[in-house]
Amino acid sequence: MANNGENPSPDVGGKTVKLKADDGEIFEVEEAVAMELQTVKSFFDDDGVSYDTVVPLLNVSSTALAKVIQYCRRAVELRAKSGDDEGANEKAREEREGLEAELVREESDEGIKELILAANYLNIKDMLSFLCRAVGDRIKNKSVEYVRRFFVLENDFSPEEEERTRNEVAWAFEGVDAD
Amino acid sequence: MAETSSSSRSSSNGSPMTNITQDHLFAILLLLPIDSILSFAMTCKRFRALASSDALWESISRRDWGPNSVDALKKSSNLLFQHQQQQLPWMRLYKHVSQLDSVSLHKLTYPDTHLALPRPRASHSLNFVSDYLVLFGGGCEGGRHLDDTWVAYIGKDFQKILNWQKVNSGIPSGRFGHTCVVICDFLVLFGGINDNGSRQNDTWVGQLTCHETLGISLSWRLLDVGSVAPPARGAHAACSIDNRLMLVHGGIGLNGLRMGDTWVLELTENFCSGEWREILTCPSPAARSGHSLTCIEGTKIVLFGGRGLGYEVLNDVWVLDISESYLNWVQILYELPNIPEGVSLPRVGHSATVILGGRVLIYGGEDSQRHKRDDFWVLDISANPSITVQPSTLNSARLLAKMWKRLKAIGHKPKCRSFHRACTDDSGRYLYVFGGMVDCLVQPAESTGLGFDGELFLVELLLQL
């Protein structure tokens, strides 16, 4: 099992699950953490699948998977801390928001997109939610060209179509200076 | 949400990320301001189609206008299209609401002239609650107060023909210059002055009930507020906040002097009792009467106009955001672009109502030259970059100029008026106006040439659908 430092070792003694990224790298994670990934959970919900089976995650890179595991691990810890105590809940919520902000701040645009793909494939609702917010923040109030570059889009409008579209949406930009 | 992969997996346009579900792209778009959403639409054909989806724009409308308006619009459109369950063209609707530039006025007729009608009056209260218009009190000829409560049904069978019904009299005691707001389905009435010149500070709660056999009735009861209450007043302003609280400002007090205090009433869940507390802020809007308060975006209270201590008519706009930890009245400065007729904006005795789209519609009132007006203005404080910014750092004239927009009015032409009252229905698309003081051309009702009006008319926001 390759351990390049990005692969956090699981606690000894708990039940673990093995996940295989697209490059073949295998990650061993605690069962509770692995079940955060709905795709993995569904994999084991099928009859007859033993927990020793390595889960093949063909669409997820090892870098993305490492970050996802790191996030889910911290998320599970924080959820365990909160309970009926409103004060503890509040603190846990703040810590989780701090964790999300930290994850997002360090990522490049490409990194965020890769994480969204991974979170989408692995079906992790909370992670997708804050990643979408992060994308929203990055493209908010930016120019059309910036949004194209972010999503790697080709302008497939003809000059007439582009002009027509611009006129159709002009009403939302009245009174705003061109950026 | 159904996970459907986009059909353009084979398309070469876009990074793999654009193959994530439409639901997630919608989730991102819903976080963005309108101009960013439309920038998104300008990137390529696929994104234009996505960003133009009516399902998306219904969610955007719900986000920006609130669920009540959207549900009310859907309900009324179902009636229009009846058997065809047609989807409203939400993107076009949103655009037309944002670009609103005209209103259409309709005279409302009464089916049977033998039925009793509410007499002409001013400084009464008019509210829309549970599909009914509710009218209470006011002042009429001879400076007398009125103490009658009238209701008229404005529900789904409404065909612009009204039936007024008198449902109460005597309680609350007669008064004018009081305020009445709607919180949940209750009416909350405060203050006012009677024809003995006594100003009040009592608070009343009104509840509409519809009996199968007995028909409609409205019961008023005095609210227990304990020992703390605002000083008695009339011609103050009030508004309800987010269906929980009522804010009151200024008015003319016991000694006939105009006040500039701010009070909040919080009601218990069952509306049996309430608690008043004063909000002290510095700076705060100057003392005044005949001004207006409206609540937009659930937490921002907009104050406009009125008559000040020196008897001058005011045109300043202030905002208080009730969600902030430190409550502050902030003045919003503005400049008007050059208008040929030299229309001025100071107003007293105007009506201010929140309309569909979340902006404030100002109608009528009296200007600095003591003329009654009949113009319609839309006040949009969101045109301001940040209303929490101190006035001295505002430097953007083009944004300031966008705050006021004069609307064209077509159709019926009612008289110019002041101290009338207006309210919208649930959709925010229809405004009902009743009464007010008008100039009497034929025979002056009083030596000053003033008359009281008893007309009810409908103002419709013109949206070309």
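Scroll up to find the structure.
For every chain, the first residue of the written sequence is number 1, and numbering continues from 1 onward in sequence order. Going through the entries in the order they are written, you letter the chains from A and number the ligands from 1. A pLDDT threshold of at least 70 governs which residues receive local features in this predicted model, and a stricter bar of 80 or more applies before side-chain atom pairs are shown or counted, although totals over entire chains, interfaces and linings include all residues. Excluding hydrogens and water, the side-chain values take into account all heavy atoms of the structure.

A. Representation of the overall build of chain A in the model. Secondary structure summary: chain A contains eight helices and three strands in total. Numbering of helices and strands starts at the N terminus; helices are DSSP runs of H or I of at least 4 residues and strands are runs of E of at least 2. Moving toward the C terminus, one meets the helices and strands of chain A in the order β-β-α-α-β-α-α-α-α-α-α. Three labels apply to residues, based on accessible area from a 1.4 Å probe with only protein chains included: buried if under 20% of the type maximum, exposed if over 50%, partly exposed otherwise in between. Residues counted as buried form 39% of the 179 residues belonging to chain A. By definition, residues are in contact when any of their heavy atoms lie within 4.5 Å. A fraction of 56% describes how many contacts in chain A between residues 6 or more apart in sequence connect residues 24 or more apart. As presented, chain A carries roughly 10100 Å² of accessible surface, and 46% of it is formed by carbon and sulfur atoms. With residues, only the protein chains shown are counted as cover, and all accessible areas are computed by Shrake-Rupley using a 1.4 Å probe.

B. How the structure looks around the sheet that holds strand 1 (residues 16-20) of chain A. Residues and elements named next belong to chain A. Here the rule is simple: two strands pair whenever DSSP picks up at least two bridges between them. Taking strand neighbours across the sheet as the criterion, the three strands line up as 2-1-3 in an open arrangement whose pairing is mixed. Edge positions in the sheet fall to strand 2 (26-30) and strand 3 (55-56), since each has one partner strand and no second. Taken together, the five bridges between strand 1 and strand 2 define a ladder with antiparallel strand orientation. Bridged to lysine 20 within strand 2 is isoleucine 26.

C. Geometry of the interface of chain B and chain A. At the interface, 36 residues of chain B touch 35 residues of chain A. By convention, the term buried area covers the 1.4 Å-probe accessible surface removed from two parts as they join, with the contributions of both added. Interface area, chain B with chain A, both sides summed: about 3300 Å², of which 69% is carbon and sulfur. Broken down by secondary-structure element, the contributors of at least two residues to the side of chain B that touches chain A are helix 1 (22-29), helix 2 (34-41), helix 3 (45-51), helix 6 (90-98) and helix 7 (397-401) of chain B. Looking at the side of chain B that touches chain A element by element, the count peaks at seven residues for helix 2 of chain B. Amino acids outside the nonpolar list (Ala, Val, Leu, Ile, Met, Phe, Trp, Tyr, Cys, Pro) and the charged list (Asp, Glu, Lys, Arg) are all regarded as polar, and Gly is one of them. Looking at the side of chain B that touches chain A residue by residue, the class counts come to 18 nonpolar, eleven polar and seven charged.

D. Main features of helix 4 (residues 54-65) of chain B. Residues and elements named next belong to chain B. The span you would expect from a helix comes to 1.5 Å times its residue count less one. Between its first and last C-alpha, helix 4 extends 16 Å over twelve residues, near the 16 Å set by a 1.5 Å rise per residue. Of the positions making up helix 4, those classed as buried are Leu56, Trp57, Glu58, Ile60, Ser61 and Trp65. Nitrogen and oxygen atoms within 3.5 Å of one another constitute a polar contact, given that in protein one can donate a hydrogen and the other can accept it, and given that sequence-neighbouring residues count only through two side-chain atoms. Here helix 4 starts with a cap whose side-chain oxygen sits 3.3 Å from the backbone nitrogen of alanine 55, and that cap is serine 53. Just past helix 4, the residue glycine 66 takes up positive phi, approximately 95°.

E. Here's a closer look at the packing of aromatic side chains. Aromatic rings from Phe, Tyr and Trp, taking only the six-membered ring of Trp, are treated as a pair when their centres fall within 6.5 Å; an angle between ring planes under 30 degrees marks them as stacked, one over 60 as edge-to-face, and anything in between as tilted. Scanning all chains against the criterion turns up 20 aromatic pairs over all chains. Their ring planes at 65° and their centres at 5.3 Å tell us that Tyr132(B) and Tyr153(B) sit as a pair that is edge-to-face. Taken together, the residues Tyr132(B) in strand 3 (residues 132-140) and Tyr153(B) in strand 4 (residues 144-153) connect sequence positions 21 residues apart. When its relative accessible area of 32% is taken as the criterion, Tyr153(B) is described as partly exposed. Joined through ring pairs, the aromatic side chains of Phe150(A), Phe151(A), Phe40(B) and Phe47(B) make up one cluster. As a reminder, the over-ring test applies to NZ of lysine and CZ of arginine, requiring each to be within 6 Å of the ring centre and within 35 degrees of the ring normal. In this arrangement the basic side chain of Arg307(B) is found over the ring face of Tyr311(B), its NZ or CZ atom lying 4.4 Å from the centre.

F. The packing of helix 2 of chain B against helix 4 of chain B, seen in detail. Residue and element names in this part refer to chain B. Axis definition: a line fit to C-alpha positions, over the contact stretch in the case of helices; interaxial angles, taken between N-to-C directions, run 0 to 180 degrees. Packing of helix 2 against helix 4 leaves a shortest axis separation of 12 Å and a crossing angle of 165°. Here helix 2 is positioned roughly antiparallel relative to helix 4, judged by the angle of their axes. The handedness of the crossing between helix 2 and helix 4 is right-handed. Here Ile34, Ile37 and Leu38 of helix 2 lie close against helix 4, whose contacting residues are Trp57, Ile60, Arg63 and Asp64. Oblique is the label for every angle not falling under 35 degrees (roughly parallel), over 145 degrees (roughly antiparallel), or within 65 to 115 degrees (roughly perpendicular). Here is the rule for handedness: rotate from the far helix to the near one, and if that takes an anticlockwise turn smaller than a right angle the crossing is left-handed, while a clockwise turn gives right-handed.

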